[in-house]
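The residues making up each chain are set out below.
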Amino acid sequence: MNQKQGQEKCQEHSENIVAINRYEKDFEKRGLCSKCMANRYKKEVMHIQNSIDQIKQTKQILKEDRSNILQSRLENIQKLNESVEQLKNFYIQQFDLIITSINKWTQSIQNIEEDFINKAQSQECYDYQLFVEFITQEQEAQIQTQIDFKIQIQNLLLSLTETDLFKTCQKFLENQSTETILFENAENEDDQELEELCLLCDDHKKQITLFDLSKDRPNQKRIACLRCLDGTINQYTSIQIAHNIWQQVQQKRLEKMNKNSDIFSIKVNNLKDYLQTIQKGYISQIGNTVNQLNNIYKNYSNQVNSKTTHLINTSWKNLSKEEILKIAQDLSQINEYNIIEDPLLMEYNNQDNQINAVIKDTVLSLQECQKTQLNKINGQINNQLSVDDFIIKIKENPKEEDCQSLRQNKSQSIEKSIILESKLRELDLSINFKLSQQQYSQTIQSEFKQQQLNQSIYNLIQNKPIKQNEWCYAIAFNQDNSTILVGSNKQIKVFEFKQEQLKQTQLLSEHSNEICTLNFMKQSNQFISGSYEIIIWSINEKNQWICKQKLNGHISFIRCLILNNDEDLIISCSFDKTIKFWIKQNGWICSQTITDHINSVYGLSMNDSQNKLISCGSDNLILIIEYSSQDKKWSIIQKIKVENYGIRICFINDNIFTFQPYSKEQMHIYELNNTNKQYSKTKDLIVKCGSDGACLFPQQYIKQKCLLVNKNGQNINLIKRKENGDFITQQSIDFGTSSLFGIMSDNGEYLITWDDISKEIQIRKYQEK
């Protein structure tokens, strides 16, 4: 050694030599620096600089990880707090509904019992069997009312235990991390790794002590001994440092695996919840349906038994002269057909129609439940957003580019409930109840032909039709018929209607579900559209339609939207069984919700005075709802129970409204009784029908022409109201399909339609006779 002691450098670390290894035969390795000494005796000591570096590195890791964990915990707790707040509000609303229903039930029991006793005491009858029949019928009606209340409250209670909000709170609570950050004992692990690393360099047969982590080094040259340094020590890393880096990498990988495991667990639990919800929904709905079917059959069976007893046990000795004369008259008219005629045929048809309606509503409810849950499942398995999450994200991301991105991520497999509804008629559910009605149908057709006028008044415009392959559930004219809106699945096509030609000018894509309703405002250049939500549209400075406000409140498809004359009130009804009132206060807000319908609400109409509203739905109810200027609330003043539910209803004036039962060849006319201020059915009108399957073509009364537009089945019936108050069908257009949608312009000049056979937008024009 030519240099002075203390000035020589260690070859491995290029630091001053502080000791000599007397047992090392290789003179180049005999000099040891402080790091060499620490490595040599690493089980007992660590170099002070290495320890300081390790503490600094650990502090940085600790700071970053604790910061991320804190942020995650706070966000999770905030979400938990928001969900609990929502759950509290939901429970308060549900408890109020349950208490209200129980109070109504209590009052109903008292009223029904009092009414029953009064009827029984006041019943004057000399025939005990007839009296027993009367009592039996009254008791059956009581039982059915109790069953209805029981099912309603049972469903409300079930909603408390099956709420998704409760499950969401549980998930946020489970996701709250309580784990500590673990730091491995690097000294012991490094010692173990180094003790196990008994590898020799291929070139020099010396122990491997260095790693080369540069990207360009050949794989076989990445490990080296001290003899391999060849003057390029800066590119090498000691085994200890490489091992520390490797441990950090492994720790990060472990954290990522644990995170993915948690995500996987949440996903599996969500899927299980959705499937269990479908299962419970099916069980509950099917149970309710079975009860309804049993009650319908029991009611009909009791009537058959009663009629059988009356037919067999009636003694002619007890009959009056008038009854004997009636029997003689019947015998004189007897023929081969009415010998075997069922005396309860009409009742059989009525009960059969009720069964059909129950089954249809059940299928639609099951499809709705299945659609909602399968949509969520699709969102889970495709790592996409469910419908509910999608709506929330849209609210949270009002920027157009964010909204567009979210829309593109939405699952494409959402079931189209409206299409399912329109195609339901194709299912073979044994709902064809025409086996014993051939003679009755012939009579109906004969009466219809007698009142049908020979000359059509709306003829198809012979211009080139507009092809529309996408389903079109809603169409609207503006006030001067210069603009037409056409729903095209989830989009709205805007057409200019000039010289009886259609020209598309804009395509609107704000809705995330199928468009069900479209309504132009008359006092402002705006229109409204309905799907799951309501959108208010207005014209901007570039003469383009833009979304002005979105109204969210319904949890299923909106079936009908109407505006009052002042256009400061919007009324909507939905498949979710509710009617909502939206008032204009700077923006539009929901001011009231009516929940008295126990199934889907299909149709709405407002009278001329704008103080009464009528609604119909699949629960065989017509509600008469009146506005109180004193309370500023809408209240139900009459409930009309109908034999067959209907999907279209329309006020003619303050005193008269029309109601179209589902798939029936009679339209009912109701009039106001000035004595008791109640509406009641006064007459039926024969109208053409055919099987129905779609509810999105509302009844419409054109006052300028005294003309009622009544879509019924696969026909559009144009019904004239004469000066004496009678109704007569002027024209009936058969489209050959019930998947038929459209509207008439406010002045009655044009009728525009779309159907799934022609797949065309067709326009018919009024022609004076």
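Residues numbered from 1 in each chain as written. Predicted model: local features only at pLDDT ≥ 70, side-chain atom pairs only at ≥ 80, totals over all residues. Heavy atoms only, no water.

(A) Region of the structure containing the overall build of the protein. The number of helices and strands found in the protein is 13 helices and 34 strands. Buried residues in the protein amount to 41% of all 769 residues. When contacts within the protein are restricted to residue pairs at least 6 apart in sequence, those whose partners lie at least 24 apart make up 53%. Total accessible area on the protein is roughly 44,000 Å²; 50% of this is exposed by carbon and sulfur atoms. (Helix = DSSP H or I, 4+ residues; strand = E, 2+ residues; numbered from the N terminus. Buried < 20%, exposed > 50% of the residue type's maximum accessible area, 1.4 Å probe, protein only. Contact = heavy atoms within 4.5 Å. Areas by Shrake-Rupley, 256 points an atom, 1.4 Å probe, with all protein chains shown as cover.)

(B) Representation of the pairing of strand β19 (residues 587–594) in the model. Bridge analysis of strand β18 (residues 579–585) against β19 gives 7 bridges, and the strand direction is antiparallel. For F581, the partnering residue across the bridge sits in β19 and is Q592. (Pairing = 2+ DSSP bridges.)

(C) Main features of the nonpolar core. Judged by nonpolar contacts, the single largest core of 30 residues is most densely connected at I475, I484, I752 and I763. Of all the secondary-structure elements, those providing two or more residues to this core are α9 (345–381), β8 (475–477), β9 (483–488), β10 (491–498), β32 (740–744), β33 (750–755) and β34 (760–766). Examining the composition of this core, we find that 3 residues originate from one element, β33, more than from any other. Residues contacting I475, with those up to four places away along its chain left out, are I484, L485, V486, L518, F741, G742, I743, I752, T753 and W754. The next biggest cluster of nonpolar side chains, apart from the first, holds 16 residues, and it includes I594, M606, L613 and L623. (Core = buried A, V, L, I, M, F, W, Y, C linked by side-chain atoms within 4.5 Å.)

(D) Broad picture of unusual backbone geometry. Here E567, not a glycine, exhibits a phi torsion of approximately 55°, which is positive. Along the chain, E567 falls in the loop between β16 (558–563) and β17 (569–574). Judged by its relative accessible area of 9%, E567 falls in the buried class.

(E) Representation of the pattern of salt bridges within the structure. Within the structure shown, the criterion is met by 11 salt bridges. With its nearest N and O atoms 3.2 Å apart, the salt bridge here joins E510 to K550. Of the two residues, E510 is situated in the loop between β11 (501–508) and β12 (517–520) and K550 in strand β15 (residues 545–551); the sequence distance between them amounts to 40 residues. With relative accessibility at 28%, the residue K550 sits in the partly exposed group. Across the pair K639 and D596 runs a salt bridge, and its minimum N-O distance is 3.3 Å. Taken together, the residues K639 in strand β23 (residues 633–641) and D596 in the loop between β19 and β20 (601–606) connect sequence positions 43 residues apart. (Salt bridge = Lys/Arg side-chain N within 4 Å of Asp/Glu carboxyl O.)

(F) Just the side chain of N644, in detail. Among the secondary structure elements, N644 is positioned in the loop between β23 and β24 (646–651). Taking the relative accessible area as the measure of exposure, N644 reaches 15% and is therefore buried. In this view, N644 contacts N350, N353, N620, F659, P661 and K664; residues no more than four positions away in its chain are not counted.

(G) Broad picture of a nonpolar patch on the surface. Nonpolar side chains collect at one region of the surface, where L213, I241, I245, W246 and V249 lie side by side and expose about 450 Å² of accessible area between them. Checked against the element boundaries, I245 lands in helix α6 (residues 239–313). (Patch = residues over 30% accessible without salt bridge, like charges linked within 9 Å, V, L, I, M, F, W, Y side chains within 5 Å.)

(H) The sheet that holds β16, seen in detail. Reading across the sheet, the 4 strands line up as β16-β17-β18-β19 and stay open at both edges, with antiparallel pairing between neighbours. Both edges of this open sheet fall to β16 and β19, since each of them pairs with a single strand only. Direction aside, neighbouring strands of the sheet carry axes that sit 25° apart on average. Direction of pairing for β17 relative to β18: antiparallel, over a ladder of 5 bridges. Paired with L569 across the bridge in β18 is I583. (Axes fitted to C-alpha atoms, helices over the stretch in contact; angles between N-to-C directions.)

(I) Structural view of the side chain of K580. Mapped onto the fold, K580 is located in strand β18. Buried and without a salt bridge, K580 has D576 as its closest oppositely charged side chain, separated by 6.0 Å. Among the polar contacts listed, one links the side chain of K580 to the side chain of T593, at a separation of 3.0 Å. Apart from the residues lying within four places of it in its own chain, the contact partners of K580 are G553, H554, I570, I571, S572, C590, Q592 and T593. (Lys, Arg positive; Asp, Glu negative; His and termini not counted. Polar contact = N/O pair within 3.5 Å; in protein donor to acceptor, adjacent residues only side chain to side chain.)

(J) Seen up close, the pairing of strand β31 (residues 727–734). With 6 of 8 residues buried, β31 is to be regarded as a mostly interior element. With 7 bridges connecting them, strand β30 (residues 715–721) and β31 associate as antiparallel partners. Looking at the pairing, I716 lines up with I733 of β31. The turn joining β30 and β31, which pair antiparallel and follow one another in sequence, is formed by 5 residues; a positive phi near 95° is taken by G725.

(K) Representation of the sheet that holds β12. Strand order in the open sheet formed by 4 strands is β12-β13-β14-β15, with antiparallel pairing between adjacent strands. Either end of the sheet is taken by a strand with one partner, and the two such strands are β12 and β15. Geometrically, the sheet is characterised by an average inter-axis angle of 20° between neighbouring strands, direction not taken into account. Alignment of strand β13 (residues 526–530) against strand β14 (residues 534–539), held across 5 bridges, turns out to be antiparallel. The partner of S529 across the bridge, within β14, is I535.

(L) How the structure looks around the confidence of the model for the protein. Put simply, the protein has an average pLDDT of 77, and 77% of its residues get 70 or more. Note on residues 186–195: pLDDT under 50 across the span, and 16 contacts to partners over four residues away in sequence or across chains. (pLDDT = per-residue confidence, 0-100.)

(M) Focus on the packing of aromatic side chains. In this structure the tally under the stated criterion is 23 aromatic pairs. Centroid distance F520 to W545: 6.1 Å. Interplanar angle 65°. Geometry classified as edge-to-face. In this pair, F520 is assigned in strand β12 and W545 in strand β15, connecting sequence segments 25 residues apart. Owing to a relative accessible area of 10%, F520 belongs among the buried residues under this scheme. Aromatic ring contacts, followed pair by pair, group W471, Y473, F741 and W754 into a single cluster. Of note, K705 hangs over the ring of Y766, and the distance from its end group to the ring centre comes to 4.5 Å. (Phe/Tyr/Trp six-rings, centres within 6.5 Å; stacked < 30°, edge-to-face > 60°. Lys NZ or Arg CZ within 6 Å of the ring centre and 35° of its normal.)

(N) Representation of the environment of Q666 in the model. Relative to the helices and strands, Q666 resides in strand β26 (residues 666–673). Residue class for Q666 comes out buried when judged on its relative accessible area of 14%. Once the C-alpha coordinates of Q666 and N712 are considered, the two residues, 46 residues apart in sequence, prove to be 9.7 Å apart.

(O) Layout of the environment of K632. Tracing the chain through its elements places K632 in the loop between β22 (621–628) and β23. Judged by its relative accessible area of 59%, K632 is exposed. Along the backbone, K632 and S591 are 41 residues apart, and their C-alpha atoms lie at a distance of 9.9 Å.

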